[in-house]
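Observations on the model geometry
Chain residues, written in single-letter form:
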Amino acid sequence: REVALVEARYPAAGASGRNAGMVLVGLRDSYSEAVERFGRNTAREIWTLTKENVRFMGKIADSFAIEHEKTGASYIARDPVFATKLRHSADMLNQDGFDAEYVEGDPTKRGFHATLLQPGDFATQPASLSLALTAVSGATLYENDEVFDIRSEGSGLLVRTRRHLIYCEKAVLAVNGYAPLMHSFFRRLVEPARGQIVVTEPIPRIIDTLGLVDQRCYFRQMSDGRLLVGGGRFQYPDEERSYSDETTSNVQGI
């Protein structure tokens with residue numbers, strides 16, 4: 001196929017390049033919560049899909065020598081209630097064929113209650129990953145060329161951009177939280193959720209795994225020693241429904 005990749009700015013300028021770089025099996029819900037919400041079969045299907053995604057992303061990172069670390073992930077409970085959810089999750093994950101280990105107590109010795117370990121999860125440099133995929137895709141790249149209209153034209157589609165008219169058979173809209181800006185259909189279905197992080201100067205090694213605390217706070221220490229921490233946006237959900245790229249003092253303070 002002859003493929004055009006059309007970017008409003010450039011590859012990796014948005015969420016595909018600006019994220020914490022955690023490649024994880026599962027959803028934000030624990031497995032026990034997902035089973036309660038969706039049922040056992042659906043939860044198993046979702047986890048199977050994400051497990052395959054982690055495997056495939058790892059294969060891509062290996063193939064193109066993209067920076068990544070096979071660290072595994074630690075899901076940490078701050079209180080006994082979430083510790084119980086993690087224990088139930090580990091039991092069901094093992095029954096359904098997923099790698100998970102429940103550890104009573106706190107392996108970090110910082111006062112947490114329990115940890116669920118997922119050894120297959122890993123960390124990557126997301127912008128490098130996105131740029132490498134773009135480079136090897138074979139697609140024609142149009143940068144700084146925002147799409148503002150897609151409509152039927154004969155047997156195909158006409159895509160209007162800032163600088164071009166592109167006639168095509170199909171268009172894939174892969175813009176994540178920006179979908180409502182493209183078409184009103186998405187306004188009741190999709191909303192933006194700005195994520196913010198803090199990254200320190202390099203410090204001595206204190207953790208060698210991806211960390212997620214109560215599915216709200218997340219952290220990782222990168223290969224150069226910098227510590228990345230995020231999740232403060234969950235304290236200000238209304239303010240973080242924003243298309244803005246700016247950081248805010250309240251979330252950064254958390």
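Reading the values: the criteria
- Residues numbered from 1 in each chain as written.
- Predicted model: local features only at pLDDT ≥ 70, side-chain atom pairs only at ≥ 80, totals over all residues.
- Heavy atoms only, no water.
- Helix = DSSP H or I, 4+ residues; strand = E, 2+ residues; numbered from the N terminus.
- Polar contact = N/O pair within 3.5 Å; in protein donor to acceptor, adjacent residues only side chain to side chain.
- Contact = heavy atoms within 4.5 Å.
- Salt bridge = Lys/Arg side-chain N within 4 Å of Asp/Glu carboxyl O.
- Buried < 20%, exposed > 50% of the residue type's maximum accessible area, 1.4 Å probe, protein only.
- Pairing = 2+ DSSP bridges.
- Axes fitted to C-alpha atoms, helices over the stretch in contact; angles between N-to-C directions.

Secondary-structure assignment places Asp214 in the loop between β13 (210-213) and β14 (217-221). Here the side chain of Asp214 touches Arg78 through a polar contact of 3.0 Å, landing on its backbone nitrogen. In this view, Asp214 contacts Ile76, Ala77, Arg78, Asp79 and Phe82; residues no more than four positions away in its chain are not counted.

Tallied over the full model, the rule gives 19 salt bridges. Here Glu169 and Arg1 are joined by a salt bridge, their closest N and O atoms 3.7 Å apart. Of the two residues, Glu169 sits in the loop between β11 (165-168) and α5 (179-182) while Arg1 sits in the segment before β1 (4-6), which places them 168 residues apart along the sequence. Arg1 carries the same exposure label as Glu169, and that label is exposed. A salt bridge links Arg9 to Asp245; the nearest nitrogen and oxygen atoms lie 3.1 Å apart.

In space, the 7 strands of this open sheet follow the order β5-β6-β4-β13-β14-β15-β12, with mixed pairing throughout. The two strands at the open ends of the sheet, each matched to only one other strand, are β5 (101-104) and β12 (197-199). Across the sheet, the axes of successive neighbouring strands diverge by a mean angle of 20 degrees, strand direction being ignored. Where β5 and strand β6 (residues 114-118) come together, 4 bridges link them in antiparallel fashion. Residue pairing for β6: Glu101 is matched across the bridge by Leu117. Packed on one face of the sheet, helix α3 (residues 80-95) meets β4 (73-77), β5 and β6 and runs near 30 degrees to β6.

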